[in-house]
Amino acid sequence: MNISFYLLPKSEVAYVHEEDNVGQALRTIRKKGFQAVPVIDKDGKYRGTVTEGDFLWALTCDYHNDLDTMKKTSVRSLRKRWDYHAVSIEANIAELNEYIVNQNYVPVVDSRDIFIGIITRKAIITELLKETEQLENKGE
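Residues numbered from 1 in each chain as written. Predicted model: local features only at pLDDT ≥ 70, side-chain atom pairs only at ≥ 80, totals over all residues. Heavy atoms only, no water.

> Could you clarify how one ought to interpret the environment of Glu19 in this entry?
As for its placement among the helices and strands, Glu19 is situated in the loop between strand 2 (16–17) and helix 1 (22–32). Relative accessible area serves as the criterion here: at 35%, Glu19 is assigned to the partly exposed category. Along the sequence, Glu19 and Val39 sit 20 residues apart, while their C-alpha atoms lie 9.4 Å from each other. Setting aside residues no more than four positions away along its own chain, Glu19 makes contact with Ile40, Asp41, Lys42, Ser74 and Arg76. (Helix = DSSP H or I, 4+ residues; strand = E, 2+ residues; numbered from the N terminus. Buried < 20%, exposed > 50% of the residue type's maximum accessible area, 1.4 Å probe, protein only. Contact = heavy atoms within 4.5 Å.)

> I tried to follow the sheet that holds strand 7 (residues 115–120) on my own but got confused; where do I start?
The strands making up a sheet associate through hydrogen bonds between their backbones, and the pairing can be parallel or antiparallel. If you walk across this open sheet you meet the four strands as 1-7-6-5, and the pairing is mixed. Pairing within the sheet leaves two strands with one partner each, and these edge strands are strand 1 (8–9) and strand 5 (87–88). For strand 6 (residues 105–109) and strand 7, the ladder comprises five bridges, and the chain directions are antiparallel. Across the sheet, the residue bridging to Val106 is Ile119, located in strand 7. Running over the sheet, helix 4 (residues 93–100) touches strand 5, strand 6 and strand 7 and is turned about 135 degrees from strand 6. (Pairing = 2+ DSSP bridges. Axes fitted to C-alpha atoms, helices over the stretch in contact; angles between N-to-C directions.)

So far we have only geometry, and geometry alone does not tell us how the molecule works.
Spelled out as structure tokens, the structure:
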């Protein structure tokens with residue numbers, strides 16, 4: 001199965017730019033209500049994922065609770081504790097499954113490593129539940 005079936009396009013995804021300062025990134029996360037968002041560079045390439053925990057650890061360990069200094073820092077400089085692996089839009093479902101079991105979402109890139117969207121664990125589970133229900137209904 002083609003994984004693009006599950007793709008939530010970039011236009012519908014909350015993300016931050018690695019050049020954004022921490023204050024901007026925190027506003028995006030708070031506004032959208034997510035615990036983790038993709039980070040892209042100025043060319044649109046996927047550069048990682050930043051989580052609420054990354055901000056918390058940076059504030060307490062790196063900036064010694066100095067929120068004003070931290071807010072002036074770019075997202076690029078934050079240490080990211082989780083490595084959210086991306087897959088190519090050309091990947092097969094087995095490659096996607098390798099990551100979706102350990103990540104809430106899997107970032108998807110094109111052949112030039114440009115971020116084009118995400119596939120959520122919820123989308124995969126929802127589809128599997130539909131398929132299971134259809135099989136059960138056929139068996140009745």
